[in-house]
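Now for the letters of each chain:
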Amino acid sequence: MSGDMSNNPDAAALFHKTDSKVWDDKSAPVISDIDVQACWGRVNQRMRKDIGDAAWRHWIKPLRISGVQDGTLTLEADSTLARERVSSQYVDRLRVISSAEFGNVSPAIRHVEVRLAAGHQRTRPNQPHRLSEQRASSQATDLGKKPAAGDILMAGLDPRYTFANFVVGKPNELAFAVARRTAESEKVAFNPLFLYGGVGLGKTHLMHAIAWHIRQQSPSRKVLYLSAEKFMYRFVRALRFRDTMSFKEQFRSVDVLMIDDVQFISGKDSTQEEFFHTFNALVEDGRQVIISADKSPTDLEGLEERLRSRLGWGMVADIHPADYELRLGILQAKAEQAPVQIPDKVLEFMAHRIVSNVRELEGALNRILAHAMLVGREITIESAAELLADLLRASSRQVSVDSIQKRVAAHYDVRVSEMFSARRARNIARPRQVAMYLAKNLTSLSYPDIGRQFGGRDHTTVMHAVKTIESLSKNDGQLAEDVQLLKSILSS
Ligand code: ADP
Ligand code: MG
């Protein structure tokens, strides 16, 4: 971890310098600095919420971790006063929060000790050892003085959203690989990197992971992450206060700009315009731009054509809904870090039944965990089913492709087998396209999955079908009505 962050008021909440030798102790489990930093960052966030900003700034923020060992978290304070105040007033709360937040990376924390930092004025021995030599020498001078603007703007990043915590499977392997590559390469890899996929599938997670990685690997690179909504909000505010110059400057001075959920700026013309210019300025200047959205650039509606096409210039990677294996993998990874054990059978049951998205899967697991901790009894499939009844109901309302095919065939009076056949006559191809469109809209299956269920068709055929039905139904009232009717029958 580089040294410059401790100068920055907000970033310091997430990162404190650690004394690396502590983690090298042979008897201690190997805990990476990053994990510890991430946990400490969360402890800080919760403390800040609990005790209020002023007290947090004064007493908690200046603390540094000096070790985590054998269930004791040792912190260093810079003065006797600080040490006493923290020990008398905040130590219990710190212990409770830390034992929860460090649960993932170390044995439960049972004590928190606050020590007076020994000679904290002395220059720190652990200057950024992770920096490569040349970087260290060229930046050593300004690292100490100037907090990078990006730090402040990264304060909203979730410390849990790292590459290490991202479970990779078929549906997200491309997105993961390009995100990683983008994060790792010093030069601009793909510009822009465009990640898209449905809600709750890990777009934000991957973006934060890129930011954390860059922050750690090249602390001098300015990374700015924000949601498109925030971008818009800031822009509108800048307009109101006639301060667009500094707005522009702020954005155009970063090395890596990440805008999450860019679909939010569709239809907002002046924001789009500004975004387009910022985007161009950065790309032309060789800075990395990373975008996420819920749809591919071509499918984003309400976006100006030139922006849409520009967004698709670099690398476009989609995240598909998690399949069973990935769902199970994610549950296992998360359950492994939990303080109580959940039987494999229960995890398998959940992976089978909760298919909507990863966020919901996580929510379900948390519910199970909370219950297990509370009652202290082993969770069974029956008790899980009971606890998750509402989620399971929602999932079982999921329509199957099979039922879509049957319904559509009946509606258009064609044989169900035509859904899989290779025949292309209009009177058969159109109903088939309608069925594909409905499959995309009413299930969480990916294009390739749907293609397979329609006689092994290619995913591009399905994409084409979806687009065709979308655009045709704008002008064809009969078709639009058919689709609407089928939709409501199928999802009732
Ligand atoms: P999105 O931005 O696509 O709506 P998020 O990135 O917010 O989705 O992900 C929702 C939740 O699911 C987050 O808590 C995230 O950590 C988790 N998640 C999503 N994909 C994965 C994955 N592959 N491995 C681990 N956690 C994941
Ligand atoms: Mg998101």
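Residues numbered from 1 in each chain as written. Chains lettered and ligands numbered in written order. Predicted model: local features only at pLDDT ≥ 70, side-chain atom pairs only at ≥ 80, totals over all residues. Heavy atoms only, no water.

1. Brief notes about the overall build of the protein
Applied cut-off: A run of DSSP states H or I qualifies as a helix once it reaches four residues; a run of E qualifies as a strand once it reaches two. Both are numbered from the N-terminal end. Buried means the residue's accessible area, taken with a 1.4 Å probe over protein chains only, is under 20% of the maximum for its type, while exposed means over 50%, and partly exposed covers the values in between. Between two residues, a contact is recorded if the distance between any of their heavy atoms is within 4.5 Å. Accessible surface area values rest on a Shrake-Rupley calculation with a 1.4 Å probe, where residue burial reflects the displayed protein chains alone.
The helix and strand inventory of the protein stands at 22 helices and 8 strands. Counting all 492 residues of the protein, 48% fall into the buried class. Long-range contacts, defined as pairs at least 24 residues apart, comprise 74% of the intrachain contacts of the protein with a sequence gap of at least 6. Accessible area for the protein stands at about 24,200 Å²; split by element, carbon and sulfur atoms hold 50% of it.

2. Some remarks on the site of ligand 1
Filter applied, for reference: Here a residue is considered near a molecule or strand provided that any single heavy atom belonging to it is located within 4 Å of it. Definition of a polar contact: a pair of N or O atoms within 3.5 Å, with one able to donate and the other able to accept a hydrogen when the atoms are protein atoms, and with sequence-neighbouring residues admitted only if both atoms are side-chain atoms. Under the scheme applied here, ten amino acids are nonpolar (Ala, Val, Leu, Ile, Met, Phe, Trp, Tyr, Cys and Pro), four are charged (Asp, Glu, Lys and Arg), and all others, including Gly, are polar.
Neighbouring ligand 1 are 18 residues; Val167, Gly200, Thr204, His205 and Glu362 lie closest to it. Between Asn172 and ligand 1, the recorded distance is 3.2 Å, taken from a side-chain N or O atom to a nitrogen atom. Its free accessible area being 560 Å², ligand 1 has 95% of it covered by the protein chains. Counting residues per element, the ones that place at least two in the shell around ligand 1 are helix H8 (203-217), helix H13 (324-336) and helix H15 (358-375). Taken together, the residues of the shell around ligand 1 sort by class into 7 nonpolar, 7 polar and 4 charged.

3. Quick word on the packing of helix H18 (residues 401-412) against helix H22 (residues 477-490)
So the rule is basically this: Between the N-to-C directions of two axes lies an angle of 0 to 180 degrees, each axis being a line fitted to C-alpha atoms and, for a helix, fitted only over the stretch in contact. When describing relative orientation, an angle under 35 degrees is termed roughly parallel and one over 145 degrees roughly antiparallel, while 65 to 115 degrees is termed roughly perpendicular and anything else oblique. Throughout, a crossing is termed right-handed when the near helix is turned clockwise from the far one, and left-handed when it is turned anticlockwise from it by less than a right angle.
Direction vectors running N to C along H18 and H22 enclose 135°, while the axes themselves pass 11 Å from each other. When the interaxial angle is binned, H18 and H22 end up oblique. Relative to H22, H18 is oriented so that their crossing is right-handed. Residues Ser403, Ile404, Arg407, Val408, His411 and Tyr412 of H18 lie in contact with H22, whose contacting residues are Leu479, Asp482, Leu485, Leu486, Ile489 and Leu490. In terms of residue class, the contact of H18 with H22 is made up of 8 nonpolar, 2 polar and 2 charged.

4. Some details on the nonpolar core
Inclusion rule: Buried Ala, Val, Leu, Ile, Met, Phe, Trp, Tyr and Cys residues form a nonpolar core when they are joined through side-chain atoms within 4.5 Å.
Of all hydrophobic cores here, the largest spans 28 residues; its most connected members are Leu257, Ile259, Val262, Phe275, Ile291 and Leu311. Listed by contribution, the elements that provide at least two residues to this core are strand E4 (193-197), strand E5 (223-227), helix H9 (228-240), helix H10 (244-252), strand E6 (256-260), helix H11 (269-284), strand E7 (288-293) and helix H12 (305-311). Ignoring any residue separated from it by four or fewer positions in sequence, one finds Ile291 in contact with Pro192, Leu193, Phe194, Leu195, Met207, Ile259, Val262, Phe275 and Leu311.

5. A look at the side chain of Asp158
When you line up the elements, Asp158 lands in the loop between helix H6 (149-153) and helix H7 (173-184). Exposure remark for Asp158: the relative accessible area of 13% places this residue in the buried category. Once residues within four sequence positions are removed from consideration, Asp158 is found in contact with His208 and Trp212.

6. A look at the pattern of salt bridges
Our working definition: What counts as a salt bridge is simple: a side-chain nitrogen of Lys or Arg found within 4 Å of a carboxyl oxygen of Asp or Glu.
As enumerated under the stated definition, the model contains 24 salt bridges in all. Among the salt bridges present, the one from Asp53 reaches Arg48, with a minimum N-O distance of 2.6 Å. Arg48 gets classed as partly exposed once you look at its relative accessible area, which sits at 26%.

Take it as geometry only, folks, not as evidence of what the structure does.
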